[in-house]
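Spelled out, the chains give:
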Amino acid sequence: MAQEPPAQDLMHYEAMAQEALRGVVRAALRRANAPGGLPGAHHFYLTFKTGAAGVEGPEELLSRYPDEMTIVLQHQFWDLEVGDETFGVTLKFGGRPQSLVVPYAALTRFYDPSVQFLLQFDAEQSPVSPGEAAPRSLAPAPPADSSDTEAPNVVSLDHFRKK
């Protein structure tokens, strides 16, 4: 007997699962935005594609991270706004407050190291036509100034990835 090929996923279950997991991030950010802020030792590392549609922030900051950027929400963040499709936050970079808006669709990772909770996503990218310049410059990021203790660290989560 010939075996039939697997059925095509017309329900798009993978996309639905990704959206449901982004709902976990949305709910966590809403809890962080509640009176009292982040409970206990919880804090978040949020990694997102800087070139994704809807990402907003100072061009000089985003251009330092032409592919991905990780922000940390722990002790010093302000103006957290949690919407249905995006979140916005103000953080200090180089001692200066900078505001960012990030669509949940741009997220690639969410990590809460206090409980070792990690979610990874397939981020939606802005399409770039062949021959068209990428939306961000490819200039390398300057080294972080270790004397600025108020600036959040932008870190790589590569060592947390499963191999």
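Described in the following lines is the structure provided in the data block. (Residues numbered from 1 in each chain as written. Predicted model: local features only at pLDDT ≥ 70, side-chain atom pairs only at ≥ 80, totals over all residues. Heavy atoms only, no water.)

## Re the side chain of Q98
So, point 1. Along the chain, Q98 falls in strand β5 (residues 96-103).
So, point 2. Given the relative accessible area of 9%, Q98 is considered buried.
So, point 3. In this view, Q98 contacts P58, E60, L61, V89, T90, L91 and F93; residues no more than four positions away in its chain are not counted. (Helix = DSSP H or I, 4+ residues; strand = E, 2+ residues; numbered from the N terminus. Buried < 20%, exposed > 50% of the residue type's maximum accessible area, 1.4 Å probe, protein only. Contact = heavy atoms within 4.5 Å.)

## A short note on the pattern of salt bridges
So, point 1. Applying the stated rule across the entire model yields six salt bridges.
So, point 2. Two residues, K49 and D67, come together in a salt bridge whose shortest N-O distance is 2.9 Å. With K49 in strand β1 (residues 44-49) and D67 in the loop between α2 (59-62) and β2 (68-73), the pair connects residues that are 18 residues apart, well separated along the chain.
So, point 3. Its relative accessible area of 17% is what places K49 among the buried residues.
So, point 4. Its relative accessible area of 42% is what places D67 among the partly exposed residues.
So, point 5. Its salt-bridge partner being E68, residue R109 comes within 3.2 Å of it at the nearest N-O pair. Here the residue R109 occupies a position in strand β6 (residues 107-112), and E68 occupies one in strand β2, the gap between them amounting to 41 residues.
So, point 6. On the basis of relative accessible area, R109 is assigned to the buried category, the value being 5%.
So, point 7. Several salt bridges share partner residues, and in doing so they unite K49, D67, E68 and R109 into one network. (Salt bridge = Lys/Arg side-chain N within 4 Å of Asp/Glu carboxyl O.)

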